Amino acid sequence: MPYRHRLSPSQTVSIAQLETDGKDLHDDRKQAEQEFHELRERLIELQYRLYAEGRRKLLVVLQAMDAGGKDGTIRHVFKGVNPQGVRVTAFKAPTPAELAHDFLWRVHQATPASGTIGVFNRSHYEDVLVVRVEQLVPESVWQTRYERINQFERLLFESGTTILKFFLHISKSEQKSRFEQRLKEPGKRWKFSIEDLNKRKDWDAYMTAYEDVLNRCTTEYAPWHVIPCDQKWYRNLAITRTLVATLEEMDLQYPPEPSGLDELKVE
Ligand code: AMP
Ligand code: MG
């Protein structure tokens, strides 16, 4: 169940067939929210252990179309975790300094250190998504990146990083209503960018680019999870289930206690 949205390296998916609607997967919103809140408490405990153990790391990659819910996921799912053990990095259009290096340079620096969780709000995948659709580099360049990304993620995995990649999948009509909402609410208008409308025009090209990402960059050590995200409550639950199950499987341990603690007296 916690891995029901995980892709397998041997399968080839067609993005049009991947569900965006979570309603059919859970029949009771109230109950889903209850389960989400309980799981989040567990996430907080597990993160504490990850930090205490101080050896392994977790990388959470979030990718989505605009208004897909990356920001909301971070706000809701990670609410209450110790900020000292979590680092969120948002990847924007590269700066001149970043462009003067290879595409993984800025990403590598943001990967989580031992004992911590790293959350990527967008990621190195933009380099085969927006960069491909907007033809920011020639095809001969972006075509080489899938394999480079797989190798990069393998390096992270072999260095003690568990990698969870989530594609927050929304329908085109759900994006329309979220954009309309953003335009209507004064507190949300700042989020709107004209660029978002241009990207919406290229929806099909983005879907093709995402399909290639899912099929070419799902590996045993770093699989993609395609989360139906038209309902935010289902999204929060599904992602938190996967996070908690993954951390449980890591069997995190407190470091050994110093000996002789029982005899100690604090004066
Ligand atoms: P937002 O996440 O809404 O703040 O927007 C960040 C913008 O940066 C998006 O339009 C991304 O497509 C863009 N972006 C992120 N990474 C890259 C990249 N490697 N090359 C070009 N644009 C990027
Ligand atoms: Mg935006």
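Placed above this text is the structure.
Keep in mind the model is a prediction, meaning the values are calculated, not measured.

### A look at the overall build of the chain
Here is step 1: Scanning the chain from N- to C-terminus turns up eleven helices and five strands.
Here is step 2: Principal-axis analysis of the C-alpha atoms gives the chain an extent of 70 × 45 × 40 Å.
Here is step 3: Of all 267 residues assigned to the chain, the portion counted as buried reaches 50%.
Here is step 4: Considering only intrachain contacts with a sequence separation of at least 6, the fraction spanning at least 24 residues in the chain is 83%.

### Details of helix H11 (residues 232-249)
Here is step 1: With 18 residues, H11 ought to run about 26 Å at 1.5 Å a step, and its terminal C-alpha atoms sit 26 Å apart, in line with that.
Here is step 2: Of all the 18 residues making up H11, 15 are buried; the element is thus mostly covered by neighbouring parts of the structure.
Here is step 3: Looking one or two places after H11, you find Asp251, whose phi comes out positive at around 50 degrees.

### Digging into the site of ligand 1
Here is step 1: Neighbouring residues of ligand 1: Phe91, Lys92, Ala93, Pro94, Arg106, Arg122, Glu126, Asp127, Val130, Val131, Leu136 and Lys199.
Here is step 2: Contact between ligand 1 and Asp127: a nitrogen atom at 3.2 Å from a side-chain N or O atom of the residue.
Here is step 3: For ligand 1, the protein covers 76% of the area, taking 500 Å² as the surface of the free molecule.
Here is step 4: Put simply, ligand 1 lies in the largest pocket.
Here is step 5: Along the lines of polarity and charge, the residues of the shell around ligand 1 split into six nonpolar, no polar and six charged.

### Details of helix H8 (residues 172-184)
Here is step 1: Look at H8: 19 Å from first C-alpha to last across 13 residues, which is about the 18 Å you get at 1.5 Å a residue.
Here is step 2: Regarding H8, the residues found buried are Glu174, Gln175, Arg178, Phe179 and Arg182. Buried residues along H8 cover an arc of 140 degrees about the axis, so they all sit on one side. With respect to the buried face of H8, the exposed residues turned more than 90 degrees away are Ser173 and Lys184.
Here is step 3: Structurally, H8 contributes buried residues whose contacts are with helix H9 (194-201), helix H10 (203-216) and H11.

### Some thoughts on empty space enclosed by the protein
Here is step 1: Throughout the structure, instances matching the rule amount to two cavities of 30 Å³ or more.
Here is step 2: For the largest cavity, the full set of lining residues is Gln63, Ala64, Met65, Asp66, Arg122, Glu126, Leu129, Val130, Lys199, Tyr206 and Tyr210.
Here is step 3: Broken down by secondary-structure element, the contributors of at least two residues to the lining of the largest cavity are strand E1 (57-64) and H10.
Here is step 4: Here the residues of the lining of the largest cavity sort into six nonpolar, one polar and four charged.
Here is step 5: Roughly 40 Å³ of internal volume is contained in the second largest cavity.
Here is step 6: Surrounding the second largest cavity, Met1, Pro2, Arg4, His5, Tyr234, Ala238, Arg241 and Thr242 form its lining.
Here is step 7: Considering only residue class, the lining of the second largest cavity consists of four nonpolar, two polar and two charged.

### Digging into the packing of aromatic side chains
Here is step 1: Counting across every chain of the model gives eight aromatic pairs.
Here is step 2: Each ring, one from Phe179 and one from Phe192, has its centre 5.3 Å from the other, and the planes form 75 degrees; the classification is edge-to-face. Note that Phe179 is positioned in helix H8 and Phe192 in the loop between H8 and H9, a separation of 13 residues in sequence. Each member of the pair, Phe179 as well as Phe192, is classed as buried.
Here is step 3: We note Arg6 situated over the ring of Tyr3; from NZ or CZ to the ring centre the distance is 4.2 Å.

Definitions and cut-offs
- Residue numbers here run from 1 along each chain, matching the order of that chain's written sequence.
- Each chain gets a letter, beginning with A, and each ligand a number, beginning with 1, in the order they are written.
- In keeping with the predicted nature of the model, local features appear solely for residues at pLDDT of at least 70, side-chain atom pairs appear and are counted solely at 80 or more, and the whole-chain, interface and lining totals rest on all residues.
- Side-chain measures were taken over the full set of non-hydrogen atoms in the model, leaving aside hydrogen atoms and water.
- Counting from the N terminus, the helices are DSSP H or I runs at least four residues long and the strands are E runs at least two residues long.
- Exposure classes here rest on a 1.4 Å probe applied to the protein chains alone. A residue is buried below 20% of its type maximum, exposed above 50%, and partly exposed in between.
- In this description, contact between two residues means that some pair of their heavy atoms is separated by no more than 4.5 Å.
- Given the number of residues in a helix, its expected span is that number minus one, multiplied by 1.5 Å.
- In these notes, residues near a molecule or strand are those with any non-hydrogen atom within 4 Å of it.
- Whenever two N or O atoms come within 3.5 Å, that pair is a polar contact, provided that in protein one can donate a hydrogen and the other can accept it, and provided that, for residues adjacent in sequence, both atoms are side-chain atoms.
- Each accessible area is a Shrake-Rupley estimate made with a 1.4 Å probe; only the visible protein chains count as cover when residues are assessed.
- As defined here, a cavity is a set of points on a 1 Å grid over the protein atoms alone where a 1.4 Å probe fits but cannot get out. A pocket is an open set with protein on both sides within 12 Å along at least five of seven lines, and residues line them when an atom is within 4 Å of a point.
- Cavity and pocket membership follows a simple rule, namely that a molecule belongs there if more than half of its atoms are within 2 Å of the grid points.
- The nonpolar class holds Ala, Val, Leu, Ile, Met, Phe, Trp, Tyr, Cys and Pro. Asp, Glu, Lys and Arg form the charged class, and all remaining residues, Gly among them, are polar.
- Directions pointing from the helix axis toward each C-beta atom define the arc.
- Grid points are joined across faces, edges and corners, and a volume is the space filled by probe spheres set on the points.
- Within 6.5 Å between ring centres, the rings of Phe, Tyr and Trp (the latter by its six-membered ring) count as paired, and their orientation is classed by plane angle as stacked under 30 degrees, edge-to-face over 60, tilted in between.
- Counted as over-ring charges are cases with an Arg CZ or a Lys NZ within 6 Å of the ring centre that also lie within 35 degrees of the ring normal.

Purely geometric numbers; function is a separate question.
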